Amino acid sequence: MSAPAIQLKDVSVRFPIRKGILRRVAGEVHAVDSVSFDIAEGETVGLVGESGSGKSTTGRALIGLAPLAGGTVECFGRDLRALRQAHGALPRMSQIVFQDPYASLNPRMTIGETLKEVLEVHELAKGHDADQRVGRLLDDVGLRRDLAERYPHALSGGQRQRVAIARALAIEPKFIVLDEVVSALDVSIQGQIVNLLQDLQQDRGLTYLFITHDLSIVRHVSHSIVVMYGGQIMEKGPRKSIFSAPLHPYTSALLSAVPVPNPRIERMRPRIDVRSEPPDPSAPLPGCRFQKSCLFATEICRTSRPQLRSMTGRDPDHLAACHHMQEPHVREALSRAAQGAVS
Amino acid sequence: MMMFTKPHPAQTIRSSDAVFEVKDLGVAYGRDAASVQVVNDVSLSVGRGEALGVVGESGCGKSQTMLAALGLLPRGGRITSGQVLLEGRNLVDLSPREMRAVRGSGIALISQDALTSLNPAMTIGTQMAEPMIHYGGMSRSAARTRCIELLDLVGIPGAATRLASYPHELSGGMRQRALIAMAISANPKVLIADEPTTALDVTTQSQILRLIDSLRKELGMALILITHDLGVVAGVADRVAVLYAGRVVETAETETLFASPRHPYTKALLDTISQLEDEVSERLNPIPGLPPDPRNPVQGCPFNPRCDYVRDVCRAELPALADSVEGGRHPVRCHVDPFVGLSLTMASGGAR
Ligand SMILES: Nc1ncnc2c1ncn2[C@@H]1O[C@H](COP(=O)(O)OP(=O)(O)OP(=O)(O)O)[C@@H](O)[C@H]1O
Ligand SMILES: Nc1ncnc2c1ncn2[C@@H]1O[C@H](COP(=O)(O)OP(=O)(O)OP(=O)(O)O)[C@@H](O)[C@H]1O
Ligand code: SF4
Ligand code: SF4
Ligand SMILES: [Mg+2]
Ligand SMILES: [Mg+2]
């Protein structure tokens, strides 16, 4: 196998918690804690997990927008920190697209001006040449060229998301972080954007990190999946085996919570429940991050952090961090839930 | 296949069975030439203890229908036609004061922006107790007892201490539980939940849905669940109404709707969702184009620019919501009704 396009090794990101009028640092949020995964060139990794689990922070760290407290990020074989020191700026090969393109588009600039500015700032084109490139970018994302004259408020949510994608494409990146890009859109528009992203990936060999809380979309677009909880990876592996036979109790709970659009199945299927509340990222507990919510937690889960490992007799690329994942009672409960979720 | 039989008018539940009915409701903003019709001829009904799902894309009029029904339209919005009946009593002409009483005990709404509209400077207990004291005439201590009882009922652990919490001290799921507790505090006959789980994580979403469903059964409330997520209605609703461009385009029992949708829009939505389960390399076949903008209404059937089955008549005439085949149990607003044959053969059998 060739070297991966993107490689994270033990990446940690912490944010200071400030208190009082003097804004003294009173602690730290462990937003991302020793996260490692690879993205193969031309493929998509789907990053899922609940709100606050560290998905966006991981995505930002990947393109140099969040400070690393530890670990390394390699982008196409080059260390991100070294690249930044050499160029003093974000490397042009990576881009990020956010959920709310309205907030990230300048309301006082037309779509054409916004795109042209990107081309000019990066010295990719100017003047008439830039206008032509803008036209082609709009073609690429399936927008009519006359939309270049419009302001963001005069576009629909789906159209704005296409503009945000066009803006990311303008600098011809090889890797794009897509942070909840379809989450706010209707099913019909979601489908259109997903098709667009997949066409672009096939035509240009783009590599994606697709961040979302929508498990049905991620299942459709991803080659592999990374599941985060409380800033750590709970499970990662090929899409198929994660969805059909999750190893980790949290993944199983997540999958069984997704409503199935089929009334007969939805009303009958067994579920794995999660108890209580998500972990407090400013006071991480020793042991497993999922311990408070896990139905299978025992003493060891409270004292020792489980390491990612594969399961005997299963795909060696499919890893999970759980002390008890091999045990029959856990396997049985998870496979019962999985059957309900996939049929 | 073209249908020449004269359609039966769409049959809703007989008024005596329905606790809550919306009949031919219209809502518009602005006046005269600037008038924009955002809800058109919407009829819905829900029986005692029944759960009705209302689904449709963003902007199709789901929230406006419910706000109008509850007399909560914002400035500029007005009801242009129709009736809203709670146990047979028309609410449309009630005074604001009478309407407030109805909203307390007759119908409760968990509004779409409820999660963000909690007052950040007031404890949960104060926000819950205030209407009980003001409108319910309860004493402070009785209200407190009732609050604890309600928080217990919606599964908030340590209810007594939670009363002193401020909204930001609760997680999204806990806040939604508190809002549900407030909504059911005066034993409403009808609970309207407008996208109650959209802002929540999937695991929390599923817990909240099951909570709402079990409260409905326990308290015998009728439930109207508004959502854009067909998976959500699949688990909870007994019947579903599909809205498109401010109109009901199809209603049916939930199982029937999923097994044999009749409107091309419903069919296309369900197909897109099921395609998501396919392999990565396969392209989706999403509904093309955009939903219509009520400021530029489409002539004829509003779905015609996006419809695979469109004919000339669709561009000229608005189809009526009617059912000529299933005895009025599965009305659809479509001239062509392209899956009707399918619907009859499949209704007793297949799952999807
Ligand atoms: N700039 C920041 N300063 C302080 N804390 C932060 C900052 N950014 C993120 N955090 C915290 O880090 C943790 C992870 O946040 P992150 O936004 O990465 O989560 P997420 O998985 O993307 O969640 P969501 O699904 O809600 O977008 C959270 O506890 C969050 O509050
Ligand atoms: N205050 C207002 N003035 C004018 N038009 C409005 C107003 N509020 C809503 N509308 C319009 O009414 C139509 C229906 O809106 P409504 O909020 O009912 O949609 P919805 O189906 O609830 O959508 P969503 O799923 O996004 O909540 C939309 O076209 C909207 O733009
Ligand atoms: S390590 Fe323990 S607490 Fe963590 S997921 Fe496994 S069983 Fe549950
Ligand atoms: S009336 Fe015509 S355009 Fe409208 S849904 Fe039916 S077939 Fe399609
Ligand atoms: Mg995020
Ligand atoms: Mg709404």
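Residues numbered from 1 in each chain as written. Chains lettered and ligands numbered in written order. Predicted model: local features only at pLDDT ≥ 70, side-chain atom pairs only at ≥ 80, totals over all residues. Heavy atoms only, no water.

Contacts between chain A and chain B engage 41 residues on the former and 45 residues on the latter. For the pairing of chain A and chain B, the buried interface totals around 3,800 Å² over both sides, and the portion due to carbon and sulfur atoms is 53%. For the chain A face of the interface with chain B, the top three residues by lost area are H220, P261 and R264 of chain A, together amounting to 17%. Summed over the shared surface of chain A and chain B, the result is 2 salt bridges. Close ionic contact of D199 of chain A with R283 of chain B constitutes a salt bridge, the shortest N to O distance being 2.5 Å. Linking chain A with chain B are 11 residue pairs in polar contact (both at pLDDT 80 or more), by the criterion used here. (Contact = heavy atoms within 4.5 Å. Buried area = accessible area lost by both parts, 1.4 Å probe. Salt bridge = Lys/Arg side-chain N within 4 Å of Asp/Glu carboxyl O. Polar contact = N/O pair within 3.5 Å; in protein donor to acceptor, adjacent residues only side chain to side chain.)

What follows is about the coordination of the magnesium ion (ligand 6). All names here are of chain B. The protein atoms donating to the magnesium ion (ligand 6) are S63 (OG) and Q112 (OE1), with metal-donor distances spanning 2.0 to 2.1 Å. Taken as a pair, S63 in helix α1 (residues 62–69) and Q112 in the loop between β7 (107–110) and α3 (114–117) lie far apart in primary sequence, 49 residues in all. Since its relative accessible area comes to 46%, Q112 is described here as partly exposed. (Donors = N, O, S within 2.8 Å, 3.2 Å for Na, K, Ca; no water. Helix = DSSP H or I, 4+ residues; strand = E, 2+ residues; numbered from the N terminus. Buried < 20%, exposed > 50% of the residue type's maximum accessible area, 1.4 Å probe, protein only.)

The next thing to look at is the site of ligand 1. Residues and elements named next belong to chain A. For ligand 1, the full set of nearby residues is F15, V29, A31, E50, S51, G52, S53, G54, K55, S56, T57 and P281. Interatomic distance of 2.8 Å between a side-chain N/O atom of S56 and an oxygen atom of ligand 1. Here ligand 1, which alone exposes 640 Å², has 60% of that area covered by the protein. Mapped by element, the contributors of at least two residues to the shell around ligand 1 are β2 (24–39) and α1 (55–62). Take the shell around ligand 1: its biggest share by element is 3 residues, from α1. A per-class count over the shell around ligand 1 returns 4 nonpolar, 6 polar and 2 charged. (Near = heavy atom within 4 Å. Areas by Shrake-Rupley, 256 points an atom, 1.4 Å probe, with all protein chains shown as cover. Nonpolar A, V, L, I, M, F, W, Y, C, P; charged D, E, K, R; others polar.)

Looking at ligand 3, there are 13 residues lining it, with C288, C294, C301, C322 and H323 of chain A nearest. When grouped by side-chain class, the residues that make up the shell around ligand 3 number 9 nonpolar, 4 polar and no charged.

Our next topic: the confidence of the model for chain A. Looking at chain A, pLDDT values average 89 and 95% of them are 70 or higher. The element-level mean pLDDT for chain A is lowest in helix α3 (residues 101–104) of chain A, coming to 71, with strand β12 (residues 319–320) of chain A highest at 98. (pLDDT = per-residue confidence, 0-100.)

As a further point, take the domain arrangement of chain B. Residue and element names in this part refer to chain B. With domains assigned, chain B is organised as domain 1 (18–244) and domain 2 (256–347). Residue-level contacts link 13 residues of domain 1 with 16 residues of domain 2. Where domain 1 abuts domain 2, roughly 1,200 Å² becomes buried across the two surfaces, and 74% of that area is made up of carbon and sulfur atoms. In this assembly, domain 1 and domain 2 are joined by 1 salt bridge. When the shortest N-O distance is used, the salt bridge between E57 and R306 registers 3.3 Å. Run the count over domain 1 and domain 2 and you get 3 residue pairs in polar contact (both at pLDDT 80 or more). Of the residues contributing to the side of domain 1 that touches domain 2, the split by class is 9 nonpolar, 2 polar and 2 charged. (Domains from an automatic or database assignment.)

Regular strands have side chains that alternate between both faces of the sheet. Residue and element names in this part refer to chain A. With respect to burial, strand β9 (residues 224–229) is a largely interior element, 5 of its 6 residues being buried. Here strand β3 (residues 44–49) runs beside β9; their pairing, made up of 5 bridges, is parallel. Pairing of G49 across the sheet is with M228, part of β9. Bridge count for β9 against strand β10 (residues 232–238) is 6 bridges, and the pairing is antiparallel. For I225, the partnering residue across the bridge sits in β10 and is G237. (Pairing = 2+ DSSP bridges.)

This next bit is on unusual backbone geometry. All names here are of chain A. Despite not being glycine, E180 shows a phi value in the positive range, around 50 degrees. Along the chain, E180 turns up in the loop between β7 (175–179) and α7 (187–204). For E180, a relative accessible area of 10% puts it in the buried group.

Let us look at helix α4 (residues 124–134) of chain B. Every α-helical turn comprises 3.6 residues, leaving residues that sit three or four positions apart pointing alike. Those residues of α4 of chain B not exposed but buried are I124, G125, Q127, M128, A129 and M132 of chain B. Where the residues of α4 of chain B are buried, they touch α5 (140–153), α6 (159–162) and α7 (172–183) of chain B.

Here we come to the nonpolar core. Residues I165 and F210 of chain A are the most contacted members of the largest nonpolar core, which totals 69 residues. If one sorts the elements of this core by residue count, helix α6 (residues 157–170) of chain A sits on top with 7 residues. Setting aside residues up to four positions removed in sequence, F210 of chain A forms contacts with T44, V45, G46, L47, L178, V181, V182, L197, I217, V218 and V221 of chain A. Counting 40 residues, the second-largest nonpolar core is a separate cluster that includes A51, I124, A183 and I208 of chain B. (Core = buried A, V, L, I, M, F, W, Y, C linked by side-chain atoms within 4.5 Å.)

A word on the side chain of R269 of chain A. With respect to the element layout, R269 of chain A can be found in the loop between α11 (263–268) and α12 (299–303). A distance of 3.0 Å separates the side chain of R269 of chain A from the backbone oxygen of S256 of chain A, its partner in a polar contact.

Here we take up the packing of aromatic side chains. Overall, the coordinates contain 7 aromatic pairs over all chains when judged by the stated rule. Ring centres 4.6 Å apart and planes at 55 degrees place the aromatic pair Y229 of chain A and Y250 of chain A in the tilted group. Linking Y229 of chain A in strand β9 with Y250 of chain A in helix α10 (residues 249–257), this pair joins segments that are 21 residues apart in sequence. Ring centres 5.4 Å apart and planes at 70 degrees place the aromatic pair Y265 of chain B and F303 of chain B in the edge-to-face group. Residue Y265 of chain B is located in helix α11 (residues 264–275), and its partner F303 of chain B is located in the loop between α11 and α12 (312–316); the two are separated by 38 residues in the primary sequence. Residue Y265 of chain B is classed as buried on the basis of its relative accessible area of 0%. An aromatic cluster is defined as three or more aromatic residues linked by ring pairs; in this entry it consists of Y229, Y250 and F290 of chain A. Over the ring of F76 of chain A we find K174 of chain A; its NZ or CZ atom is 4.2 Å from the centre of that ring. (Phe/Tyr/Trp six-rings, centres within 6.5 Å; stacked < 30°, edge-to-face > 60°. Lys NZ or Arg CZ within 6 Å of the ring centre and 35° of its normal.)

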